Structures are given as C-alpha cells and as structure tokens.
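Okay, here's what each chain looks like letter by letter:
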Number of protein chains: 2
Amino acid sequence: MQELKARILQEGTVLPGGIIKVDGFLNHRVDTVLLDHIAEEFGRRFDMNAVDVVLTAEASGIALAAIVAQRFGKPMIFAKKAKSDNIEGGLYQSEIFSYTYKKKVTLLVSQEWLHDGDRVLIVDDFMANGEAVRGLCDIVSAAGAELVGVGCAVEKGFQGGGDRLRASGVNLHSLAVIDSAEPGNIVFREG
Amino acid sequence: MQELKARILQEGTVLPGGIIKVDGFLNHRVDTVLLDHIAEEFGRRFDMNAVDVVLTAEASGIALAAIVAQRFGKPMIFAKKAKSDNIEGGLYQSEIFSYTYKKKVTLLVSQEWLHDGDRVLIVDDFMANGEAVRGLCDIVSAAGAELVGVGCAVEKGFQGGGDRLRASGVNLHSLAVIDSAEPGNIVFREG
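A brief look at the structure comes next.

Calculation notes
- Residues numbered from 1 in each chain as written.
- Chains lettered and ligands numbered in written order.
- Predicted model: local features only at pLDDT ≥ 70, side-chain atom pairs only at ≥ 80, totals over all residues.
- Heavy atoms only, no water.
- Contact = heavy atoms within 4.5 Å.
- Buried area = accessible area lost by both parts, 1.4 Å probe.
- Salt bridge = Lys/Arg side-chain N within 4 Å of Asp/Glu carboxyl O.
- Polar contact = N/O pair within 3.5 Å; in protein donor to acceptor, adjacent residues only side chain to side chain.
- Helix = DSSP H or I, 4+ residues; strand = E, 2+ residues; numbered from the N terminus.
- Nonpolar A, V, L, I, M, F, W, Y, C, P; charged D, E, K, R; others polar.
- Expected span 1.5 Å × (residues − 1).
- Buried < 20%, exposed > 50% of the residue type's maximum accessible area, 1.4 Å probe, protein only.
- Axes fitted to C-alpha atoms, helices over the stretch in contact; angles between N-to-C directions.
- Parallel < 35°, antiparallel > 145°, perpendicular 65-115°, else oblique.
- Left-handed = near helix turned anticlockwise from the far one by under 90°.
- Core = buried A, V, L, I, M, F, W, Y, C linked by side-chain atoms within 4.5 Å.
- Phe/Tyr/Trp six-rings, centres within 6.5 Å; stacked < 30°, edge-to-face > 60°.
- Lys NZ or Arg CZ within 6 Å of the ring centre and 35° of its normal.

Turning to the interface of chain A and chain B, a few remarks are in order. Between chain A and chain B, the residue contacts involve 41 residues of the former and 41 residues of the latter. Surface buried jointly by chain A and chain B totals about 3,900 Å² across both partners, of which 60% is contributed by carbon and sulfur atoms. Taken together, the connections running from chain A to chain B amount to 2 salt bridges. Residue Lys-21 of chain A pairs with Glu-112 of chain B through a salt bridge whose shortest N-O separation is 2.9 Å. Summed over the shared surface of chain A and chain B, the result is 16 residue pairs in polar contact (both at pLDDT 80 or more). Sort the elements by how many residues they give to the side of chain A that touches chain B and helix H3 (residues 61-71) of chain A lands first, with 6 residues. Grouping the amino acids of the side of chain A that touches chain B by side-chain chemistry returns 19 nonpolar, 11 polar and 11 charged.

Laid out in structure tokens, this is it:
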C-alpha cells in the first residue's frame, strides 16, 4: 500500500536493535484518516461479507481493529493481556512471547464472546515475531471458530513471523513488509 | 443517551463489589455500531471544530477514542501504561490508581506528540473512580495543552470520580451515569 509505505519512509525511524518507530501515526499517536484507508484496503484483500467478527490483541492493535470493524459494520473483540476482575467465567488463553516487552504474556478472550463457527478476521497494526497473531490464531482454533485471514498494517519481514504464518497456511496480508531496516534506510519487500 | 442505557439494562450485569460488566458491547467485545452512535452524540455535546486531538488511555478506551477521532477526522493519542522500548525521549507522566487492577499505574505520553496549545478532547469508555481521566488531565496540563472537555460513555456516579472532576471545573459529559448498581437493579442518574 503506497500511502502507508510513504508514511513509513517519511516519518518512521529505525532505532538500535532493528526497532522501527512509527508511533507518530500508527501506535501511539494514531492517524485515523490513514487507518481508515488501511481498512478500505483490507476490504479489497478480504471478503468482508464472510467475516463475522474482527479480533485483535491489546493494546496498539485496538485502534486499527476498531476502525476496520466499524467501517464494515462488524463487532470487534480484543484479547486482553492480564486477568482483570471484570472478566468472569471461562477464558480462551494463549501464551506468547512479547517482542516489545521481552517477556511472556498470556492473551485472554472470554468464551462468552467468541463462538464455534464464527468467521474471524484477525487485524493487527504491527507484526514483529508474529507471536501475537500466532496466539490469536490459537484462540480462534480453541473456540472452534474459522480464520478468514489476518490483516496486518506493517510487518517486519526480516523477523520471519509473517513468513512462518504464511507457511502454516494462514491467509496473511501485510500492507507494508519491511525486509531490512537500518537508520536512514528502510527497504520494502516487492509486490 | 437512551440507546446506551438500554444496552446496559439489557446486557449489563452487576458483580459483587459493584463491578458493572458491560464487556459484551463496550470493553472486550466491542459493538462498533453503538460506538459510532456514541461518537455522534459526543459531536452534539462538544464543538469538534475546536478539537485538535482526541486523547485516551490504553487499553479499553482506545476503541471508542479511535472511532470518535475517525468520525471527526482527528488524530488520536493513547497514553501507555508501561514504558516499552518503542517510546524514546521525553515523556509526560502521571501516576494513577487503577480500580480495575487494584494497583498504581503510570500513564505515559510522548512529548513528541502532544504540544503546547493543542486543544484536547479526552475520551474514555468507562469511568469508575475517575483516576485515568484525572491522570490524562494532568498530562494535558503538563503539555501546556488546552482541555476542551471529557467525553465518557459510562460513568459509575456512585464512586464519585466524575463529580470530583466536574467540581474541579472539567467539562465532563457522560452518556450514562449509573447512580446505583445491584444485581438486577441498575439505576441511572436523571437528566
């Protein structure tokens, strides 16, 4: 998606350790006009008539998932990362390793809200090692729901998480796949 | 807002300790159609032409804030709750006590994205003791930004957080203020 790639080149910065900082428009300050264009693009990549619910993980995926879901009139579920006292009852759980926080995190979705047969589109803003999406796929599977696909805005291709998901048969569309990132030099995957 | 109150009465449940569970449409599974109607109502309560940016706190405020910001073509900033390695540089910080997690949490906003003179609408899905909004107000003040108002979907009036904010001069609009909540009996504040 050219608009997204242009924003990454103009405003993104690369920090030591290959961390790509896009927090001026994607995951701290959020450009909601851009996010709506990303939602529109997902509408071209996926059959939204075959989607019952949009699923993401807190926190930074929520803004994009909400705007995608709202555009297509779907509900959105966000997996929580800690057990809080306003979730009761049975939970689907998946343990992942968070690249951002360098620790294990458990994703939780209440069994009340995700059901056998639900057709699910997973949406996330940013994929590094792909652990969050892998955890969400596990939850979809545990619920007996059907995974329509995964829509991701920015994928760090050089960390391999996206390619592992594709190899396992997941219908993953990332709108900007970064194949290498050094300060002042971000290279996107072709096509 | 009648539509929101009706949903709370139909689908909300009251747990021991006065916890009001609305996670089927507001803060776990999110009804994006309802959230867009809430955004529309905020557009009647606040002058959106006088708003430069929508501010919220992660995680559950993000969905509503994103949909409000998107509807009115504004950027949205969400305060983070832990220092992660993709925030660099100066941070506005405010320590709050989280009612949900029963512990102190620090709200963080990068100084890069909130500026002197920005006109800010704070949006949150749910107010209990009002600590998250108080922390966000502190951050607006620390940035030298201007607080236009606070739009909240559901306020637990009996915990007093909203009334403390109003008493301090904050232009707070909550679309459903719950004055008492017992299992099977939720009472809204008049007017």
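Time to look at helix H4 (residues 131-142) of chain A. Along an α-helix, residues three or four apart share an orientation, since each turn contains 3.6 residues. All names here are of chain A. Taking 1.5 Å per residue as the helical rise, H4 with its 12 residues ought to reach 16 Å, and the 16 Å between its terminal C-alpha atoms agrees with that figure. Within H4, the full set of buried residues consists of Glu-131, Val-133, Gly-135, Leu-136, Cys-137, Ile-139 and Val-140. With its phi angle positive at about 75°, Gly-144 sits one or two positions after the end of H4.

What follows covers the packing of helix H2 (residues 32-45) of chain B against helix H3 (residues 61-71) of chain B. Residues and elements named next belong to chain B. H3 packs onto H2 with a crossing angle of 55° between their chain directions and a minimal axis gap of 9 Å. The angle between the axes of H2 and H3 places the two elements in the oblique class. When you trace H2 past H3, the crossing you get is right-handed. Facing H2, whose interface residues are Thr-32, Leu-35, Asp-36, Ile-38, Ala-39, Glu-40 and Phe-42, H3 presents Ala-63, Leu-64, Ile-67, Val-68 and Arg-71. Of the residues contributing to the contact of H2 with H3, the split by class is 8 nonpolar, 1 polar and 3 charged.

For the rest of this paragraph, the subject is the nonpolar core. Ranked by internal contacts, the top residues of the largest apolar core, which has 82 residues, are Leu-4 of chain A together with Leu-4 of chain B. Once you skip the residues sitting within four places of it in the chain, Leu-4 of chain B turns out to touch Phe-25, Leu-34, Ile-38, Ala-153, Val-154, Leu-175 and Ala-176 of chain B. Counting residues in each nonpolar core, the second largest holds 27 residues, with Val-53, Ala-57, Cys-137 and Leu-165 of chain A among its members.

On inspection of all chains with the given rule, the structure shows 2 aromatic pairs over all chains. Stacked on the ring of Phe-25 of chain B, the Lys or Arg Arg-7 of chain B has its end atom at 5.0 Å from the ring centre.

Residues and elements named next belong to chain B. Evaluation of the coordinates by the stated rule reveals 30 salt bridges over all chains. Notably, a salt bridge pairs Arg-7 with Glu-11, separated by 2.6 Å at the nearest N-O pair. Of the two residues, Arg-7 and Glu-11 both sit in helix H1 (residues 2-11), 4 residues apart, roughly one turn of that helix. Classification of Arg-7 by relative accessible area gives buried; the value is 14%. Two residues, Arg-166 and Asp-163, come together in a salt bridge whose shortest N-O distance is 2.9 Å. Note that Arg-166 and Asp-163 are positioned in helix H5 (residues 161-167) at a spacing of 3 residues, about one turn of the helix.

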